[in-house]
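Now for the letters of each chain:
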Amino acid sequence: MAPPHDETDLAPPPPPVAHVRPKTFRDFIWDSDTHLKSPEERKLIWKMDILILIPICLSWLMKYIDQSNLANAYVSGLKEDLNIKANEYTYMQVLYNIAVCICTIPGSMAITRIRPSHFLAGCEIGWAVFTFAQAGAHSVKQMYAFRFLVGVFESPFQTSAVFVIASWYTPSELAKRVSLYFLFGPCGSTLNGKLGLAGWRWLYIVCGCMTVPVGIGLLIFLPDYPSNCRSRFITLEERELAKSRCAKAGVRAATGKMDLAFFKKVFTSWRWPTLVFVYLIYALGVQDPNYYGVWLKAKGFSVTDRNILSAGMYLFALPSVMLWGWLSDLTGSRLWLCVIPLCIANIPLGIIATSAGTTTKSGILMVEMAFLFCEVVLITHIFYSWIGEICRDDAQERAFIMGWIFIILCIPGFFFIDYMHKRQLRQEAAAGAIKYSEESAMESDDKIAEKVEA
């Protein structure tokens, strides 16, 4: 059912509120226009932070843990118990990504028609069910099915959560909140696998038990949208205040209407192709940290050192994510807070491109620091906030574009995985042929030696 909306939602949105310079220290460190807000509005924002940010951030934390548990389970007995061979582990990851590609955009659009408290809670409890199911898997084929279904329920969560945040907060408040949301994912990867459990099945059981209460919390606390809020924790006066804040910022409520006219508007507008293309270029340009572990292994670092150094990237990523979000809200700029980090990132990228093959101690140390420093370029949260503002006049278009930029990297990724798989098969075949040739040569030499001795 489409969320109810006022007739005022159909009027052309007013121009966005001009940026306000901070006047007090509190304005400087948090929202730059706090001094202009009434006590009632400040109380409303405090409630929004409690009822929206905390449940959504905890859900994102659990999603990150559940999503990445396959790697921990694989090295904790999953491989041996299910007798996983060759590329079967990779296929489990690929099926998850296929589900993400198929379901992200429909899920992102569904959030404009279904109450977020119901939709996001259903997604969370759904992937918890199949997290439990993975604990009982007895074959590789069962794991294929469960990983695909986990991907189905997890796929729309990120874009839908950001969509909900962008539906409540004004431009001076938005980027910092989206930054906090994105910070919880990497925190999940640092907590993952630290429970001291011996069995991979218990790992899935415990994660499922942690996920279900968070899903129930979403159902209870999340206040949906300002236009259809019925939360017991937000008064009628505060609901009207939330609507007026959105109207002042030019944020139009979701109508849930998706017809041919809507798709014609999206595909003929500059927004969809431009924003998706720009994000694709950015996303392809920040993949170098994924090769840090491979480079460390090639340089002879131990497994322990590789794990420690790879985790060290988060020491750079977490503060930089929050810094860019804070500066973006403080200055009122999204464009420059996307451009500046990308320009800075050219320094470590240049070092990696020119010195990755170095063998000197000082050169290896320099490349290590370059890989770590690459994490400062992460501006995904700024880009999402920017999309929320550019598409503030059409909630359905905002959800559609957010869904597209989330899956756009998966498409070239499939071609890359297929290429790497075929290359591996060719290498294995070539290695087998060489081994067979060597063994045949050795047998011939042995026979010749036997004849000479005779």
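Residues numbered from 1 in each chain as written. Predicted model: local features only at pLDDT ≥ 70, side-chain atom pairs only at ≥ 80, totals over all residues. Heavy atoms only, no water.

(A) Here's a closer look at the environment of Asp259. On the secondary structure map, Asp259 appears in the loop between helix H9 (236-249) and helix H10 (260-268). At 3.0 Å, the side chain of Asp259 and the backbone nitrogen of Phe262 are in polar contact. (Helix = DSSP H or I, 4+ residues; strand = E, 2+ residues; numbered from the N terminus. Polar contact = N/O pair within 3.5 Å; in protein donor to acceptor, adjacent residues only side chain to side chain.)

(B) Broad picture of the packing of helix H11 (residues 271-285) against helix H18 (residues 395-407). Between H11 and H18, the least distance of the axes is 9 Å, while the angle of their chain directions is 30°. Judged by the inter-axis angle, H11 sits roughly parallel to H18. As H11 packs across H18, the resulting crossing turns out to be right-handed. Contact residues: Arg271, Trp272, Leu275, Val276 and Tyr279 in H11; Glu397, Phe400, Ile401, Trp404 and Ile405 in H18. Each residue belonging to the contact of H11 with H18 can be placed in one class, and the counts come to 8 nonpolar, no polar and 2 charged. (Axes fitted to C-alpha atoms, helices over the stretch in contact; angles between N-to-C directions. Parallel < 35°, antiparallel > 145°, perpendicular 65-115°, else oblique. Left-handed = near helix turned anticlockwise from the far one by under 90°. Contact = heavy atoms within 4.5 Å. Nonpolar A, V, L, I, M, F, W, Y, C, P; charged D, E, K, R; others polar.)

(C) Structural detail: helix H14 (residues 313-331). The first and last C-alpha atoms of H14 sit 27 Å apart over 19 residues, in line with the 27 Å expected at 1.5 Å per residue. Among all positions of H14, only Met313, Ala317, Ser320, Val321, Met322, Trp324, Gly325, Ser328, Asp329 and Leu330 are buried. (Expected span 1.5 Å × (residues − 1). Buried < 20%, exposed > 50% of the residue type's maximum accessible area, 1.4 Å probe, protein only.)

(D) The arrangement of the packing of aromatic side chains in detail. Using the criterion set out here, one finds 22 aromatic pairs in the structure. The interplanar angle of 85° and the centroid separation of 6.3 Å between the aromatic rings of Phe262 and Phe400 together place this pair among those described as edge-to-face. Of this pair, Phe262 sits in helix H10 while Phe400 is found in helix H18, placing the two residues 138 residues apart along the sequence. Under the relative-accessibility criterion, Phe262 is labelled buried at 7%. Three or more aromatic residues link up through ring pairs in this structure, and these residues are Phe262, Phe263, Phe267, Trp272, Phe400 and Trp404. (Phe/Tyr/Trp six-rings, centres within 6.5 Å; stacked < 30°, edge-to-face > 60°.)

(E) Representation of the side chain of Glu154 within the structure. Relative to the assigned elements, Glu154 resides in helix H5 (residues 140-154). Lys63 is the oppositely charged side chain nearest to the buried, salt-bridge-free Glu154, at an N-O distance of 4.2 Å. Contact partners of Glu154, with chain neighbours within four places excluded, come to Lys63, Asp66, Gln67, Tyr96 and Trp127. (Lys, Arg positive; Asp, Glu negative; His and termini not counted. Salt bridge = Lys/Arg side-chain N within 4 Å of Asp/Glu carboxyl O.)

(F) Summary view of unusual backbone geometry. Even without being a glycine, Asn83 presents a positive backbone phi close to 55°. Along the polypeptide, Asn83 turns up in the loop between helix H2 (39-81) and helix H3 (88-110). Looking at Asn83, the relative accessible area reads 48%, which means it is partly exposed.

(G) Examining the nonpolar core more closely. By size, the foremost hydrophobic cluster in this structure holds 88 residues, and its most contacted members are Ile56, Ile165, Trp168 and Tyr181. Per element, the largest residue contribution to this core is 11 residues, and it comes from H2. The residues contacting Ile56, other than those within four sequence positions of it, are Phe157, Ala161, Val164, Ile165, Tyr181, Leu218 and Leu222. (Core = buried A, V, L, I, M, F, W, Y, C linked by side-chain atoms within 4.5 Å.)

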